[in-house]
Amino acid sequence: MTKLTSFTLNGEFVSTKSALDLRLVDVLRCEFNLTGTKEGCGEGECGACMILLDGHPALSCLMLLGAAKDRDILTIEGLRATQGFAVLSQAFNDAGAVQCGFCTPGMIMTTYALLRDNPNPDDGAIRAAMAGNLCRCTGYSMIVEAVSLAVQRRGETW
Amino acid sequence: MVNSHNPYPATLREACMAKQKGAVPYAGGTDFMIRHAKALQTGQCPPFIFLNDLNELQGISNPDNTVRIGALATMAALSVNKEIPGLLSQACNCVGSPALRSAATLGGNICTASPAGDSLPPLYALGAQVEICSPAGRRLMPIRDFISGPGTTTLQSDELLSAVILPVNEFNEFYHHKVSPRVANAITKVSLAVAARIENKRIKKIRMAFGSVGPTIICCPQIEAACTGSSLSELLSAVPELKIMVEKTIKPIDDHRSTAQYRRSIAANLLADCIETFGNP
Ligand SMILES: Cc1cc2nc3c(=O)[nH]c(=O)nc-3n(C[C@H](O)[C@H](O)[C@H](O)COP(=O)(O)OP(=O)(O)OC[C@H]3O[C@@H](n4cnc5c(N)ncnc54)[C@H](O)[C@@H]3O)c2cc1C
Ligand code: FES
Ligand code: FES
């Protein structure tokens, strides 16, 4: 008996026959070829694998495919199609918040959810929301600056 | 994976029966994924059941002067909930990172039974009871009897943790502090949770519990007895003696996160900080 796992992925209804005990990050990257979601630590510590699960930041390395059943998943590729992404990527670019870029998709996912729920976060709120996203290159000041830039520029984008 | 059962049990009974046959419960998965990381890589993961569909494990309600928290309540939900004692909210908000808190459940934190489990000191201090269910029915027991050692509980093979029951309005002042090397994703080196009833600047009742300074959460009946009945100013002048009592009560060890000596002095300082906070609101 093959079990189908169905969920919404970047706005589309999808199903997979893959084993329920695959990690979601592996299914996204290897089966759906959505390689924008990165694996850094694989232990829930770094946020490189951040997706939005029912709209909220979630660690795709720390959940099984089976736990994604009937849920709504957005990856950086899904966000890319939105105007919000354009604002965020330009802000990260202009603030110099990207060096190797490995942490950036996760940072952008977290930022998108933060600004949707809190359109005007101060420095403390930005740092609190981003506390689970690690960057090995940039230093966090530029990243916080990028988020602040996005706050100023986003208007009614999302 | 050899899942001979339905991995998505629809009823508690079905879930308990699957667990009895060896299926491991998966709540938020945040401990599960780490514990079985190697096995997941090699396709050797034990059979599991997702608890998420079980309505009985969801929700927060207020039956007669208590609050009942379903085992699947997440740290994120508890951090902002106004019906539960603030002491517990504050501790839940110290767990991991925002995304981790959206997944991690209270039931998972309790069943993992780590001496560093951040929800545990508040639950001990508040006198929490756990509700355990099996095909035979439900039973209640104090959390301090449920957790039997580091990483172990008295849960039987056909049982699930269904809820946590807390008294409300028993205490009116709380203190919580977690000491860790950074704000996010850092396991506790020492923590203290205190629940007190203070009337006319006098301690009517006080309960305290330390995390990460022993094989399980450390309760302090002697210190509680020494504080009860005292006025806040009496307590402030008793701080030196109380600190010595803390050092004698806790059982810290050296490990890769910290040293026994550091934990001992910080634990004593936390109680002093608590008394100063109560004394100078
Ligand atoms: C990066 C990272 C940071 C962390 N930071 C912290 C921290 O700061 N503080 C802290 O306390 N913890 C921390 N943890 C540990 C973990 O996130 C918590 O213990 C969490 O509350 C576990 O809940 P869960 O729902 O994810 O549990 P799961 O992983 O789903 O389950 C944990 C265990 O309990 C069993 N179980 C779960 N629910 C039930 C139930 N209802 N009945 C019977 N058995 C059950 C499972 O079978 C499993 O053995 C961290 C973990 C990671 C990966
Ligand atoms: S890869 Fe998931 S948190 Fe690091
Ligand atoms: S830019 Fe390299 S990890 Fe952040």
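Residues numbered from 1 in each chain as written. Chains lettered and ligands numbered in written order. Predicted model: local features only at pLDDT ≥ 70, side-chain atom pairs only at ≥ 80, totals over all residues. Heavy atoms only, no water.

Draft legend 1. Structural context of the overall build of chain B. Helix and strand content of chain B: 13 helices and 13 strands. In terms of overall dimensions, chain B is globule-like: its C-alpha atoms have a radius of gyration of 19 Å, near the 19 Å expected for 281 residues. Once the C-alpha set of chain B is aligned to its principal axes, its extents read approximately 65 × 45 × 30 Å. In chain B, which comprises 281 residues, the share counted as buried stands at 54%. Partitioning the intrachain contacts of chain B with sequence separation of at least 6 by distance along the chain shows that 63% fall at a separation of at least 24. Carbon together with sulfur atoms contributes 51% to the accessible area of chain B, which is approximately 12200 Å² in total. (Helix = DSSP H or I, 4+ residues; strand = E, 2+ residues; numbered from the N terminus. Rg over C-alpha atoms; globule rule 2.2 N^0.38 Å. Buried < 20%, exposed > 50% of the residue type's maximum accessible area, 1.4 Å probe, protein only. Contact = heavy atoms within 4.5 Å. Areas by Shrake-Rupley, 256 points an atom, 1.4 Å probe, with all protein chains shown as cover.)

Draft legend 2. Seen up close, the domain arrangement of chain A. Residue and element names in this part refer to chain A. Partitioning chain A into domains gives domain 1 (5–75) and domain 2 (82–153). Using only C-alpha atoms to locate each centre, domain 1 and domain 2 end up separated by 21 Å. Opposite the 16 residues of domain 1 that make contact, domain 2 presents 11 residues. Summed over the shared surface of domain 1 and domain 2, the number is 0 salt bridges. Across the contact surface, domain 1 and domain 2 share 4 residue pairs in polar contact (both at pLDDT 80 or more). Listing elements by their share of the side of domain 1 that touches domain 2, those giving two or more residues are β3 (50–53) and β4 (56–59). By residue number, the principal contributor to the side of domain 1 that touches domain 2 is β3, which donates 3 residues. Here the residues of the side of domain 1 that touches domain 2 are counted per class, giving 7 nonpolar, 6 polar and 3 charged. (Domains from an automatic or database assignment. Salt bridge = Lys/Arg side-chain N within 4 Å of Asp/Glu carboxyl O. Polar contact = N/O pair within 3.5 Å; in protein donor to acceptor, adjacent residues only side chain to side chain. Nonpolar A, V, L, I, M, F, W, Y, C, P; charged D, E, K, R; others polar.)

Draft legend 3. Spatial organisation of helix α12 (residues 239–249) of chain B. Residue and element names in this part refer to chain B. Along α12, the residues classified as buried are Val 239, Leu 242, Val 246 and Thr 249. In an axial view of α12, the angular spread of the buried residues amounts to 80°, which keeps them on one side of the axis. Taken together, the buried residues of α12 touch β12 (202–211), β13 (218–219), α10 (221–227), α11 (232–237) and α13 (260–279). (Arc of directions from axis to C-beta.)

Draft legend 4. View of the interface of chain B and chain A. The partner chain A presents 24 residues to the 24 residues of chain B that form the contact. Carbon and sulfur atoms supply 67% of the area buried between chain B and chain A, which totals about 1800 Å² over both sides. Counting across the interface, chain B meets chain A through 0 salt bridges. The tally of links between chain B and chain A comes to 5 residue pairs in polar contact (both at pLDDT 80 or more). For the side of chain B that touches chain A, the secondary-structure elements that each account for two or more residues are α2 (32–35), β2 (48–50) and α6 (98–103) of chain B. Top contributing element to the side of chain B that touches chain A by residue count: α6 of chain B, with 4 residues. Within the side of chain B that touches chain A, the residues separate by chemical class into 15 nonpolar, 7 polar and 2 charged. (Buried area = accessible area lost by both parts, 1.4 Å probe.)

Draft legend 5. Focus on the sheet that holds β3 of chain A. All names here are of chain A. As summarised here, the arrangement of the 5 strands in space is β2-β1-β5-β3-β4, forming an open sheet in which the pairing is mixed. Each edge of the sheet is formed by a strand with only one pairing partner; in this case those strands are β2 (12–16) and β4. Strand-to-strand, the axes of this sheet are offset by a mean angle of 40°, without reference to chain direction. By the bridge criterion, 4 bridges tie β3 to β4 in an arrangement that is antiparallel. Bridging from a neighbouring strand, Leu 52 pairs with Pro 57 of β4. Contacts from helix α4 (residues 104–117) reach β3, β4 and β5 (72–74) within the one sheet, and its direction differs from that of β3 by about 35°. (Pairing = 2+ DSSP bridges. Axes fitted to C-alpha atoms, helices over the stretch in contact; angles between N-to-C directions.)

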